[in-house]
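One-letter residues, chain by chain:
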Amino acid sequence: MNEAILIELRFFIVSIMWGGLILIIYDCLRIFRHVIKHKKFFIAVEDIVYWVVCSFLIFQMMYKQNNGIIRAFSILGMLIGMLIYHWTLSELLVEGISYLLKKIINFIFLIISFVLKPFLWILKIFKSFLGKGKRIIKNLLDIVFLPLKNKIKSSKILLKDSKDGELLEEDKK
């Protein structure tokens, strides 16, 4: 077979593999979205970043493999690679890995909650004790200071205690 044809065939096969690789990267993004729910704004930002990165990767591949010449059969090869991967493995991998990661995350949270449960229990008891302690301290302060409050004489001078502008002595009251 002619050397030029082998080079073009190799470039076509590389384009097919790059098409599959691009979709594998997008499936990683889909798995991330399945595991951690996103708002539409962040999904749009992720998609823009994905396509910018993929465009640089595709340009780099075309630059190295084909001297930067964009040819229709290379785009066709990437499209074929994407379709082959999408029809064969894509959904199986996305659903399977997402399910597995969700189970792993739930198991990790279960272990963490099991480990933290005694500490949370102690914290709950401590908060309860502090709440009761506040009431006990308030009651003790009331018991101590309430009688003192009644014994402390005011420094205020009542008008009824004075005669003709003079203050009455303590004995006369």
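Residues numbered from 1 in each chain as written. Predicted model: local features only at pLDDT ≥ 70, side-chain atom pairs only at ≥ 80, totals over all residues. Heavy atoms only, no water.

Caption draft 1: Spatial organisation of the pattern of salt bridges. In this structure the tally under the stated criterion is five salt bridges. Between Arg-33 and Glu-46 there is a salt bridge, with its nearest N and O atoms 2.9 Å apart. Pair noted here: Arg-33 is in helix H1 (residues 3-35) and Glu-46 is in helix H2 (residues 40-66), with a separation of 13 residues, a long-range link. When sorted by exposure, Arg-33 lands in the same class as Glu-46, which is buried. Salt-bridge contacts for Asp-47 lead to Arg-33; the nearest nitrogen and oxygen are separated by 2.7 Å. (Salt bridge = Lys/Arg side-chain N within 4 Å of Asp/Glu carboxyl O. Helix = DSSP H or I, 4+ residues; strand = E, 2+ residues; numbered from the N terminus. Buried < 20%, exposed > 50% of the residue type's maximum accessible area, 1.4 Å probe, protein only.)

Caption draft 2: Broad picture of the side chain of Ser-98. Looking at where Ser-98 falls in the secondary structure, it is placed in helix H3 (residues 72-151). Excluding residues within four positions of it along the chain, Ser-98 makes contact with Ile-31, His-34, Val-35 and Leu-93. (Contact = heavy atoms within 4.5 Å.)

Caption draft 3: Inspection of the nonpolar core at higher detail. Residues Phe-11, Val-14, Ile-22, Leu-29, Tyr-50, Cys-54, Ile-58, Met-61, Met-62 and Met-78 constitute the largest nonpolar core, which totals ten residues. Counting residues per element, the ones that place at least two in this core are H1 and H2. Every residue in contact with Met-78, bar those within four places of it in the chain, is listed here: Ser-15, Ile-16, Trp-18, Gly-19, Ile-22, Ile-58, Met-61 and Met-62. (Core = buried A, V, L, I, M, F, W, Y, C linked by side-chain atoms within 4.5 Å.)

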